[in-house]
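Observations on the model geometry
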Amino acid sequence: MIQIDDIAGSIVRHAGDAALRNDVDWEVIRPGLLALADHSGGLTALQAALERINDPDVPGVLANWFKRLAEEQRKADRKIKRRVETGLAPLQTTLMGLSGAAMIAGLAGTIALPVAVFVFATLAVGAGAVWFGRMKVLDTADQYEDRAQTLNSLAKLCHDK
């Protein structure tokens, strides 16, 4: 099993290569950067790895990488939230309104009460399911937002070095 210290050391070595103007594949680096952000000891491991280098360009390269990845995470967060607010939120509101209207119609005698109760229950369950789905999707968006904040903290650590 790869330790977080090994991942931090590898990322710093890749940053050293990039500081020397060697080509570094973003798709190779990205999972390591995410692992540092997601692991509870990522900040400490990165600090330790940064202590072992003496190239002043490496922290700048790392900070740029962390900022780039944080922006990717923020874009993913905004994309999810936009879809939720333009798709699921209006659907939930519509289902809740229709279920209330069905119950009012049933109580007013416009439609038979058993039919109104059935329609109300069906639409209310649908609204609840949409609400639950919204909360699950927004939880994922919050994870992207939290990861972006962590990546910005890691970038700040690199700038402070």
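Since we're looking at a predicted model, the values are computed, not measured.

This part takes up the packing of helix H4 (residues 57-108) against helix H5 (residues 113-160). Contact pair H4 / H5: the axes reach a minimum separation of 7 Å and the direction vectors enclose 165°. If you check the angle between H4 and H5, you find them roughly antiparallel. Of the two elements, H4 crosses H5, and the hand of that crossing is left-handed. In terms of residue class, the contact of H4 with H5 is made up of 37 nonpolar, 10 polar and 9 charged.

The first and last C-alpha atoms of H4 sit 75 Å apart over 52 residues, in line with the 76 Å expected at 1.5 Å per residue. Helix geometry: H4 is bent most strongly at Glu85, by close to 35°. Phi turns positive one or two residues past the end of H4, at Gly109, with a value near 90°.

A few words on the packing of helix H1 (residues 4-19) against helix H2 (residues 26-38). The contact between H1 and H2 brings their axes to 10 Å, and the two run at 135°. Between H1 and H2, the angle falls in the class oblique. Between H1 and H2 lies a crossing of left-handed hand. Along the contact surface, H1 presents Ile4, Ile7, Ala8, Ile11 and His14, while H2 presents Val28, Ile29, Gly32, Leu33, Ala35 and Leu36. Here the residues of the contact of H1 with H2 sort into 9 nonpolar, 2 polar and no charged.

Positionally, Asp77 belongs in helix H4. Excluding anything up to four places from it in sequence, Asp77 contacts Ala141, Asp142, Tyr144 and Glu145.

Positionally, Ser99 belongs in helix H4. Here the side chain of Ser99 touches Met96 through a polar contact of 2.8 Å, landing on its backbone oxygen. In this view, Ser99 contacts Phe120, Leu123 and Ala124; residues no more than four positions away in its chain are not counted.

Next up on the list: the nonpolar core. Among the nonpolar cores identified, the biggest contains 31 residues, and Leu33, Leu36, Leu46, Leu62, Trp65 and Phe66 are the most heavily contacted of them. Among the elements of the structure, H1, H2, helix H3 (42-51), H4 and H5 are those that each provide at least two residues to this core. Among the elements that line this core, the one with the most residues is H4, at 8 residues. Excluding residues within four positions of it along the chain, Leu46 makes contact with Ala8, Val12, Leu36, Leu62, Phe66, Leu154, Leu157 and Cys158.

If the charged atoms of two oppositely charged side chains come close together, the side chains can form a pair. This structure, assessed with the given rule, holds 7 salt bridges. In this structure, Glu72 and Arg30 form a salt bridge, with 2.9 Å as the shortest nitrogen-oxygen distance. With Glu72 in helix H4 and Arg30 in helix H2, this pair connects stretches of sequence that are 42 residues apart. Exposure remark for Glu72: the relative accessible area of 27% places this residue in the partly exposed category. Relative accessible area serves as the criterion here: at 24%, Arg30 is assigned to the partly exposed category. Among the charged side chains, a salt-bridge network with shared partners connects Glu71, Arg74 and Arg78.

Rules behind the numbers
Residues numbered from 1 in each chain as written. Predicted model: local features only at pLDDT ≥ 70, side-chain atom pairs only at ≥ 80, totals over all residues. Heavy atoms only, no water. Axes fitted to C-alpha atoms, helices over the stretch in contact; angles between N-to-C directions. Helix = DSSP H or I, 4+ residues; strand = E, 2+ residues; numbered from the N terminus. Parallel < 35°, antiparallel > 145°, perpendicular 65-115°, else oblique. Left-handed = near helix turned anticlockwise from the far one by under 90°. Nonpolar A, V, L, I, M, F, W, Y, C, P; charged D, E, K, R; others polar. Expected span 1.5 Å × (residues − 1). Bend = angle between axes of the 7 residues up to and from the residue. Contact = heavy atoms within 4.5 Å. Polar contact = N/O pair within 3.5 Å; in protein donor to acceptor, adjacent residues only side chain to side chain. Core = buried A, V, L, I, M, F, W, Y, C linked by side-chain atoms within 4.5 Å. Buried < 20%, exposed > 50% of the residue type's maximum accessible area, 1.4 Å probe, protein only. Salt bridge = Lys/Arg side-chain N within 4 Å of Asp/Glu carboxyl O.

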